[in-house]
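Listed below are the residues making up each chain.
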Amino acid sequence: MLKNDFYQVLDQTGARSQEGSSGRFTITVGLNEPHRIYEGHFPGNPVVPGVCQVALIRELVSGILGKNLRLETADNIKFLSMIQPGVQKRLKVDLEIKDAAEGKQEVQALISADEKIFMKFKGQFKPGG
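In this report, the structure presented in the accompanying data block is examined.

Reading the values: rules and limits
Residues numbered from 1 in each chain as written. Predicted model: local features only at pLDDT ≥ 70, side-chain atom pairs only at ≥ 80, totals over all residues. Heavy atoms only, no water. Helix = DSSP H or I, 4+ residues; strand = E, 2+ residues; numbered from the N terminus. Rg over C-alpha atoms; globule rule 2.2 N^0.38 Å. Buried < 20%, exposed > 50% of the residue type's maximum accessible area, 1.4 Å probe, protein only. Contact = heavy atoms within 4.5 Å. Areas by Shrake-Rupley, 256 points an atom, 1.4 Å probe, with all protein chains shown as cover. Polar contact = N/O pair within 3.5 Å; in protein donor to acceptor, adjacent residues only side chain to side chain. Salt bridge = Lys/Arg side-chain N within 4 Å of Asp/Glu carboxyl O.

## Observations regarding the overall build of the chain
Part 1 of the argument: A tally of helices and strands in the chain yields one helix and six strands.
Part 2 of the argument: Helices (α) and strands (β) of the chain occur, in sequence order from the N terminus, as β-β-α-β-β-β-β.
Part 3 of the argument: Relative to its length of 129 residues, the chain is compact, with a C-alpha radius of gyration of 14 Å against a globular reference of 14 Å.
Part 4 of the argument: Each principal axis of the C-alpha atoms in the chain carries an extent, and together these give about 45 × 25 × 25 Å.
Part 5 of the argument: Here the chain holds 129 residues, and the buried ones make up 39% of them.
Part 6 of the argument: Nonlocal contacts in the chain, meaning residues at least 24 apart in sequence, comprise 62% of its contacts between residues at least 6 apart.
Part 7 of the argument: Accessible area for the chain stands at about 7,200 Å²; split by element, carbon and sulfur atoms hold 46% of it.

## Quick look at the side chain of Q53
Part 1 of the argument: Take Q53: it is sitting in helix 1 (residues 50-65).
Part 2 of the argument: Take Q53: its relative accessible area is 3%, and that puts it in the buried class.
Part 3 of the argument: Polar contacts involving the side chain of Q53 include one to the main-chain carbonyl oxygen of V48, which spans 3.2 Å.

## Structural notes on the pattern of salt bridges
Part 1 of the argument: For the coordinates displayed, the defined rule picks out nine salt bridges.
Part 2 of the argument: Where R36 meets D5, a salt bridge forms, and the shortest distance between an N and an O atom there is 3.8 Å. With R36 in the loop between strand 2 (23-31) and helix 1 and D5 in the segment before strand 1 (7-16), this pair connects stretches of sequence that are 31 residues apart.
Part 3 of the argument: Under the relative-accessibility criterion, R36 is labelled exposed at 56%.
Part 4 of the argument: When salt bridges that share partners are traced, they join E72, E102, K104 and K126 into one network.

## Some details on the side chain of H35
Part 1 of the argument: Among the secondary structure elements, H35 is positioned in the loop between strand 2 and helix 1.
Part 2 of the argument: Exposure remark for H35: the relative accessible area of 7% places this residue in the buried category.
Part 3 of the argument: At 3.1 Å, the side chain of H35 and the side chain of D5 are in polar contact.
Part 4 of the argument: Those residues in contact with H35 that lie beyond four places of it in its chain are D5 and F6.

In structure tokens, the structure reads:
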């Protein structure tokens with residue numbers, strides 16, 4: 001789990017719909033710049049690993065829904081620019097969550113800072129650990 005170690009949630013807005021778990025959310029996270037992961041990714045030029053960005057999305061959606069989720073499918077992941085923790089200390093994560101069949105959630109996410117988009121994600125998560 002990366003929350004409260006690799007990143008911290010600083011702010012969250014949005015709400016679930018009345019019908020289920022669907023909803024739109026905007027979450028501001030702060031990165032832990034001296035985190036040990038940057039020692040190897042990459043020394044002298046730290047960047048947030050793509051797998052950590054996907055894990056961040058999964059953890060945020062799990063927190064919103066109050067259940068542990070795992071990635072089922074990733075239909076589309078685009079890494080558009082590198083996130084440098086010394087430059088981008090805060091990230092905005094926009095989430096759109098929709099209920100899908102078999103208890104799954106379809107998720108579209110955008111990670112950005114100061115109008116610069118770093119990552120776009122579209123995929124499904126399902127309950128489980």
